[in-house]
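Each chain, written out:
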Number of protein chains: 2
Amino acid sequence: MSYTDIGKETGLSTSAAQQRVRRLEQRGAIKGYHARVAPEAIGLELTAFISIKPFEPNQPDDHPERLREIDEIVSCYSVAGDANYLLKVQVANTAALEVLLARIRAVGGVSTQSTIVLSTPYEDRPPAI
Amino acid sequence: MSYTDIGKETGLSTSAAQQRVRRLEQRGAIKGYHARVAPEAIGLELTAFISIKPFEPNQPDDHPERLREIDEIVSCYSVAGDANYLLKVQVANTAALEVLLARIRAVGGVSTQSTIVLSTPYEDRPPAI
DNA sequence: TCTGAAATTGTTTGTGG
DNA sequence: CCACAAACAATTTCAGA
C-alpha cells in the first residue's frame with residue numbers, strides 16, 4: 001500500500017501520511033516491514049515449539065546468543081515457568097527435527113521438550129486498536 | 001524496497017523482478033506484506049503463551065473458530081501433545097491477562113496453562129535459504 | 001521468462017500555514 | 001502537524017525475443 005493510498009484512507013495528503021509513518025518508524029512503533037513467506041513453499045513442512053531448561057541451573061545465561069546461529073530457530077522467548085526459554089522452529093521433517101534437537105542440546109547445554117504443530121489456524125493477527 | 005532495487009540485487013530488470021514477485025504471490029509462496037508494530041507502542045506490555053485443553057474430550061473441536069473473536073489472541077496453533085492448542089496472546093498487564101483467561105475458558109470450555117514471556121531476544125527471523 | 005521503452009502513478013522535498 | 005506543488009523515482013504495461 002502506497003502513502004497515497006494511506007492518505008486516502010486516513011483523509012490526509014500524501015506527504016502528511018508519509019510524515020506520520022516516518023514518525024512511527026523513528027519512535028520505534030513500527031519496527032520494520034516484511035513479506036510473509038509460506039514455509040511449505042521453501043520446503044519447511046514442520047513447525048514445532050521447543051521448551052528448553054539448562055542441565056546446570058547456575059550456568060551463564062547466554063542461551064539466546066548461543067542459539068542465534070541456528071537458523072531453524074525462528075523465534076526465541078525468555079519465559080517464566082518450568083522452562084527457561086521457548087523456541088519456535090521450522091524444519092523440513094521429523095528427521096530434521098531430530099538433528100536440530102541434538103544440536104540445540106549440544107549448543108545450549110540444555111534439555112528439550114518439543115511440541116509439534118499440526119496446523120496453524122491463524123498467526124500474527126494484527127492487534128485490535 | 002522497490003522492484004527496481006530487487007532487480008539490482010538479483011541482476012534482473014525492473015519488470016522481470018516484478019513478474020517474479022507476482023508469481024510468488026500468485027502461487028501463495030508470499031502470503032502478504034506487513035508492518036511489524038511494537039506491541040508496547042500500543043500499550044500491550046505483556047505477551048504470554050496459553051496451552052488449552054478441553055474439559056470434555058469428546059466435544060466438537062471448533063476452538064480456533066470460537067476463539068477467533070478474541071482479539072488478544074494473536075496466534076493459534078493446533079498441537080500434538082498434552083494440550084490441544086497453543087495460543088499466543090498480547091495484553092496490557094496481568095490484570096488484563098486474568099480477564100482474558102476467564103474469557104478463553106468460558107468461550108472455549110477449556111482449561112488453560114499460561115507461560116508468561118519475560119523478553120523476546122528475537123522473533124520471526126527470516127528462514128535461511 | 002526476460003528486456004527495454006513509454007505512459008502512468010507514487011515519492012520526496014521544500015515552502016508556507 | 002498539515003497542504004500543496006515541483007522535481008524525481010518507481011510501477012505498470014506492452015512489444016519483442
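Thresholds, definitions, all that
- Residues numbered from 1 in each chain as written.
- Chains lettered and ligands numbered in written order.
- Predicted model: local features only at pLDDT ≥ 70, side-chain atom pairs only at ≥ 80, totals over all residues.
- Heavy atoms only, no water.
- 1 Å grid on protein atoms, 1.4 Å probe; cavity = no way out; pocket = protein on both sides within 12 Å on 5 of 7 lines; lining within 4 Å.
- Points joined across faces, edges and corners; volume = space filled by probe spheres on them.
- Helix = DSSP H or I, 4+ residues; strand = E, 2+ residues; numbered from the N terminus.
- Nonpolar A, V, L, I, M, F, W, Y, C, P; charged D, E, K, R; others polar.
- Buried < 20%, exposed > 50% of the residue type's maximum accessible area, 1.4 Å probe, protein only.
- Lys, Arg positive; Asp, Glu negative; His and termini not counted.
- Salt bridge = Lys/Arg side-chain N within 4 Å of Asp/Glu carboxyl O.
- Polar contact = N/O pair within 3.5 Å; in protein donor to acceptor, adjacent residues only side chain to side chain.
- Contact = heavy atoms within 4.5 Å.
- Near = heavy atom within 4 Å.
- Expected span 1.5 Å × (residues − 1).
- Buried area = accessible area lost by both parts, 1.4 Å probe.

The name given to chain A in an unreviewed UniProt entry is Lrp/AsnC family leucine-responsive transcriptional regulator, and the organism recorded there is Microlunatus panaciterrae.

Caption draft 1: Representation of the layout of surface pockets in the model. Empty space within the second largest pocket amounts to approximately 1,400 Å³. Forming the boundary of the second largest pocket are 34 residues, of which M1, Y33 and H34 of chain A together with M1 and Y33 of chain B lie nearest the centre. Elements supplying a minimum of two residues to the lining of the second largest pocket: α1 (3-10), α2 (14-27) and β1 (30-37) of chain A together with α1 (3-10), α2 (14-27) and β1 (30-37) of chain B. It is α2 of chain A that contributes the most residues to the lining of the second largest pocket, seven residues altogether. Tallied by class, residues from the lining of the second largest pocket come to 20 nonpolar, six polar and eight charged.

Caption draft 2: How the structure looks around the side chain of R125 of chain B. Inspection of the secondary structure puts R125 of chain B in the segment after β5 (110-122). Although buried, R125 of chain B forms no salt bridge, and the nearest oppositely charged side chain, D71 of chain A, lies 4.9 Å from it. Within the structure, the side chain of R125 of chain B is placed 2.7 Å from the backbone oxygen of R68 of chain A, a separation counted as a polar contact. The contacts of R125 of chain B, once residues within four sequence positions are left out, are L67, R68, I70, D71, I73 and V74 of chain A.

Caption draft 3: Broad picture of the protein's contact with DNA strand C. Taken together, 14 residues are adjacent to DNA strand C, and Y3 and Q18 of chain A together with S13, S15 and R20 of chain B come closest. Sugar and phosphate atoms represent 65% of those atoms of DNA strand C found within 4 Å of the protein. R20 of chain B is positioned such that a nitrogen or oxygen atom in its side chain is 2.7 Å from a phosphate oxygen of DNA strand C. Contacts to DNA strand C include R23 of chain B, whose side-chain N or O atom sits 3.3 Å from a phosphate oxygen. Secondary structure elements with two or more residues in the surface near DNA strand C: α1 and α2 of chain A together with α2 of chain B.

Caption draft 4: How the structure looks around α2 of chain B. Along its 14 residues, α2 of chain B runs 20 Å from first to last C-alpha, staying within 8% of the 20 Å computed at 1.5 Å per residue. After α2 of chain B finishes, the residue G28 of chain B shows a positive phi value of roughly 85°.

Caption draft 5: Representation of the interface of chain A and chain B in the model. Every contact between the two is made by 43 residues of chain A and, on the other side, 43 residues of chain B. When chain A packs against chain B, the two sides together hide about 4,200 Å² of surface, and 57% of this comes from carbon and sulfur. Counting every contact that joins chain A to chain B gives zero salt bridges. Taken together, the links from chain A to chain B amount to 35 residue pairs in polar contact (both at pLDDT 80 or more). Elements with a contribution of two residues or more to the side of chain A that touches chain B: β1, α3 (63-67), β3 (73-80), β4 (85-91) and β5 (110-122) of chain A.

Caption draft 6: The protein's contact with DNA strand D, seen in detail. As a structural note, the neighbourhood of DNA strand D is formed by 14 residues, with S13, S15 and R20 of chain A together with Y3 and Q18 of chain B the closest of them. Within 4 Å of the protein, the contacting atoms of DNA strand D are drawn from sugar and phosphate to the extent of 62%. In this structure, a base nitrogen belonging to DNA strand D sits 2.5 Å away from a side-chain N or O atom of S15 of chain A. Mapped onto the surface near DNA strand D, the elements with two or more residues apiece are α2 of chain A together with α1 and α2 of chain B. The element best represented in the surface near DNA strand D is α2 of chain A, accounting for five residues. The residue makeup of the surface near DNA strand D, split by class, is three nonpolar, nine polar and two charged.

Caption draft 7: Focus on the pattern of salt bridges. Residue and element names in this part refer to chain B. Applying the stated criterion across every chain yields a total of 14 salt bridges over all chains. One salt bridge connects R36 with D124, and the closest N-O pair in it is separated by 3.5 Å. Taken together, the positions of R36 in strand β1 and D124 in the segment after β5 put the pair 88 residues apart, joining distant regions of the chain. Look at R36 and you get partly exposed, because its relative accessible area is 22%. With a shortest N-O distance of 2.6 Å, D62 and R66 are connected by a salt bridge. For D62, a relative accessible area of 31% puts it in the partly exposed group.

Caption draft 8: Representation of empty space enclosed by the protein within the structure. For the structure on display, the rule yields one cavity of 30 Å³ or more. Considering only enclosed or pocket space, the largest cavity measures out at about 50 Å³ in volume. For the largest cavity, the full set of lining residues is F49, S75, Y77, K88, E123 and D124 of chain A together with F49, S75, Y77, K88, E123 and D124 of chain B. Elements that contribute at least two residues to the lining of the largest cavity include exactly β3 of chain A together with β3 (73-80) of chain B.

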